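# Report on the structure
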Amino acid sequence: MIDITLDNFQTELVEASMTTPVLLDIWAEWCGPCKQLGPVLEKLEVEYGGRFILAKLDADKVPQISSQLSQMFGVRSIPFCVLFSGGQPVDGFVGALPAAQVREFLDKHVPGADELEAQQEEEAAQETLAEGDTDGALERLQHAVATDPANDDARFDYVKLLLQLGRTDDAKVAFAPVIDRRALVQRFDALQRWMDAIDAAGDAPDTAAFDAKIAANKRDFEARFGRAQALMARQQWTEAMDELLEILMRDKAWNEDLARKTYIAVLDIIEPPKPKVAEGQIPPDDPTVASYRRRLSSVILS
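Let us look at the structure shown here. Quick caveat: nothing in here was measured; it's all calculated off a predicted structure.

### Describing the overall build of the protein
For the protein, the count of helices and strands is 14 helices and 5 strands. In the protein, the share of contacts with a sequence separation of at least 24, taken over all contacts with a separation of at least 6, comes to 61%. With the model as given, the accessible surface of the protein reaches about 15800 Å², and the carbon-plus-sulfur share is 49%. With 32 positive and 52 negative side-chain charges, the protein shows a spacing of 6 Å between the two charge centroids.

### A closer look at the sheet that holds strand β2 (residues 22-27)
Taken in spatial order, the 5 strands line up as β1-β3-β2-β4-β5 in an open sheet, and their pairing is mixed. Only two strands of the sheet have a single partner each, and these edge strands are β1 (2-3) and β5 (88-94). Note that β2 and strand β4 (residues 80-85) share 5 bridges and pair antiparallel. Residue pairing across strands places Leu24 opposite Val82, the latter belonging to β4. Running at roughly 165° to β2, helix α2 (residues 32-47) makes contact with β2, β3 (53-58), β4 and β5 of the sheet. Docked against the sheet, helix α4 (residues 99-107) engages β2, β4 and β5, running at close to 160° with respect to β5.

### What to know about the environment of Pro273
Looking at the secondary structure, you find Pro273 in the loop between α13 (254-270) and α14 (287-301). Here Pro273 falls in the exposed class, since its relative accessible area comes to 52%.

### Section: the state of the cysteines
One pass over the structure, following the stated rule, counts 1 disulfide. Between the sulfur atoms of Cys31 and its disulfide mate Cys34 the distance is 2.4 Å. Residues Cys31 and Cys34 share a disulfide whose torsion about the S-S bond is about 80°; that sign makes it right-handed. The class for Cys34 is buried, based on a relative accessible area of 4%.

Definitions and cut-offs
Residues numbered from 1 in each chain as written. Predicted model: local features only at pLDDT ≥ 70, side-chain atom pairs only at ≥ 80, totals over all residues. Heavy atoms only, no water. Helix = DSSP H or I, 4+ residues; strand = E, 2+ residues; numbered from the N terminus. Contact = heavy atoms within 4.5 Å. Areas by Shrake-Rupley, 256 points an atom, 1.4 Å probe, with all protein chains shown as cover. Lys, Arg positive; Asp, Glu negative; His and termini not counted. Charge placed at Lys NZ, Arg CZ, Asp CG, Glu CD. Pairing = 2+ DSSP bridges. Axes fitted to C-alpha atoms, helices over the stretch in contact; angles between N-to-C directions. Buried < 20%, exposed > 50% of the residue type's maximum accessible area, 1.4 Å probe, protein only. Disulfide = S-S within 2.5 Å.

What follows is the structure, given as structure tokens:
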């Protein structure tokens, strides 16, 4: 539990809520219902095991903040609780509600235990992978997906790592539960296009046959696309995008935008996780991804 003041409002409430929801309890010493609600909130903070942070603000000592929030929500009485998430006040309730009703309120905004565990496993997997422990990262991602099947980030990273390791059959099994969502989730579509490329290229992807056809006819787009798929199967990403650009420079809409869609899929596949930065800062773009995005824009807009 944290006491909010003018000095720590930005860091302990606004910035803290960017990573973990913060429930702000606005109270006063003279308020009887406030004293009833306080212990309920404290017990729930323990019960939820870190899934939200409880903060308290004395309305008499910090009227600037309490008045502003009360006006924002059209509230004139206390106790008044405001939930902050993503740096913003998103919801609130008034009065000394019983624990069951407060729990119902929290469950609308606070991640479930399984969801939080999966998020933590996914983040730990990225750190493990950065340290070079591929097996450890794979195990963590597998656990994250099993714990929270709805965690799209964990599933994407899990299937991607399986494909990188050449475990295509395992990747297809892990991807199967979300295959119908590829039209809604761009990164899932990217994974499917990668698997399609692997299937098209076969066990020993080779570009020699495609090279011969392209040498005979530079506008043989089927050959160029086949060559790009073979390069994708070999995880030669920049070479694959170079070949797709050759198609786009000659025919931007070829085969219902197949070259452009596949190019974007490669960008989604190779883009690394964004590094953590300080509040208010923008994480830097990966130089390769940024360069190839610019090249695509240049060709499409020319």
